Amino acid sequence: VQLVESGGGLVQPGGSLRLSCAASGLTFSSYRMSWYRQAPGKGRELVAVISSAGDSTNYADSVKGRFTISRDNAKNTVYLQMNSLKSEDTAVYYCYADGWRYNYWGQGTQVTVSS
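Residues numbered from 1 in each chain as written. Predicted model: local features only at pLDDT ≥ 70, side-chain atom pairs only at ≥ 80, totals over all residues. Heavy atoms only, no water.

Visitor: Describe in detail the overall build of the chain, supporting the description with residues and values.
Guide: The helix and strand inventory of the chain stands at zero helices and eleven strands. In the chain, the succession of helices and strands from N to C terminus is β-β-β-β-β-β-β-β-β-β-β. The C-alpha radius of gyration computed for the chain amounts to 13 Å, which stays within 12% of the reference 13 Å derived for 115 residues, consistent with globular compactness. Each of the three principal axes of the chain carries a C-alpha extent, and together these read 40 × 25 × 25 Å. Relative to its full complement of 115 residues, the chain shows a buried share of 43%. Considering only intrachain contacts with a sequence separation of at least 6, the fraction spanning at least 24 residues in the chain is 52%. (Helix = DSSP H or I, 4+ residues; strand = E, 2+ residues; numbered from the N terminus. Rg over C-alpha atoms; globule rule 2.2 N^0.38 Å. Buried < 20%, exposed > 50% of the residue type's maximum accessible area, 1.4 Å probe, protein only. Contact = heavy atoms within 4.5 Å.)

Visitor: Quick rundown of the sheet that holds strand 1 (residues 2-6)? Include the residues and the values.
Guide: Reading across the sheet, the four strands line up as 1-3-8-7 and stay open at both edges, with antiparallel pairing between neighbours. Pairing within the sheet leaves two strands with one partner each, and these edge strands are strand 1 and strand 7 (67-72). Neighbour-to-neighbour, the strand axes of the sheet open up by a mean angle of 15 degrees, direction not taken into account. (Pairing = 2+ DSSP bridges. Axes fitted to C-alpha atoms, helices over the stretch in contact; angles between N-to-C directions.)

Shown next as structure tokens:
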């Protein structure tokens, strides 16, 4: 099983980024998918979750109204659209696949918000 994140980088405050997580080796449509992040010196925190069918989402209070999680089960990919980015959004962002029996992490992608 592989989860490969992409789309991270350096962006100015107020800017946008779209993260992608491409999954392989698993029945993607059976997994609830999440994005987590970990800032330097802090623990890993849940950012957003989407149900296996994509019909239900949930967000951390800190990103509500700014981030949008979505998925394309035909492409085995989950996305995180991040708008109005703030310096406090700087972190390594991880993709997480949550199944009824197994779960998997991606390797992470760095997002840095700085002027």
